[in-house]
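# A closer look at the structure
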Amino acid sequence: MKYLILILFLPIVSWANQISDIVETNKSNIDTNGDSKDDYFRSFSKKGRISEIRKDRNFDQKIDEISSYKDNGRLIVNKRDNNFDGYFEETHNQEFDDDLISFEKINRDENNDRKDDFILERTYFPRSNVYYEYIQKDPTFSGNFSKWSLKKYPWKPLVAN
Ligand SMILES: [Ca+2]
Ligand SMILES: [Ca+2]
Ligand SMILES: [Ca+2]
């Protein structure tokens, strides 16, 4: 009986961690600003875990942020339309090695010409407790990444959300 309670309770705890920014509810679609129109949509895997969250952050009835999760509850891809024009100009990717983020990549189109002009890649080396950060920039939006840097830092993961 003890184990049954634990099995029933564990998924709820992990959901709560994922959606701590909103009111707890069993509904897949949520109206967060009270205008009677849903702006927060969740999809679930067969195991009942969140597989995708879609948000309409400016309440114009168009999705402007999509987060995809693995079945273990980890965020793997986050796409954002930060100027709400329907084009998702920023993408965050994460890869995991056991419990640790082993690789992260951010692509961003800063001038909205549908070409990335900022790319950040972080590769983690857990044994030496460091990560390497490689940044490429196209400051003139010419299509060529004319600036780049490679730096080594002490271990510190990016914010996952
Ligand atoms: Ca929107
Ligand atoms: Ca956009
Ligand atoms: Ca661009």
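A quick note: this is a predicted structure, and the numbers were derived from the prediction, not measured.

## Quick word on the sheet that holds strand 8 (residues 118-125)
Sheet strands line up and pair through hydrogen bonds in the backbone, either parallel or antiparallel. On the basis of which strands lie adjacent, the open sheet formed by ten strands has the order 1-2-3-4-5-6-7-8-9-10 and antiparallel pairing. Edge strands, defined here as strands with exactly one partner in the open sheet, are strand 1 (29-30) and strand 10 (147-154). Of the strand pairs in this sheet, strand 2 (residues 40-44) and strand 3 (residues 50-55) are connected by five bridges, and their pairing is antiparallel. Residue F41 lies in a different strand from strand 3, and its bridge partner there is R54.

## Regarding the pairing of strand 10
Walk down a regular strand and you will see the side chains alternate between the two sheet faces. In terms of burial, strand 10 is largely open, as just zero of its eight residues are buried. As paired strands, strand 9 (residues 130-137) and strand 10 are joined by eight bridges and run antiparallel to one another. What sits directly across from Y132, in strand 10, is K152.

About the thresholds
- Residues numbered from 1 in each chain as written.
- Chains lettered and ligands numbered in written order.
- Predicted model: local features only at pLDDT ≥ 70, side-chain atom pairs only at ≥ 80, totals over all residues.
- Pairing = 2+ DSSP bridges.
- Helix = DSSP H or I, 4+ residues; strand = E, 2+ residues; numbered from the N terminus.
- Buried ≥ 20, exposed ≤ 12 C-beta atoms within 10 Å, placed from the backbone.

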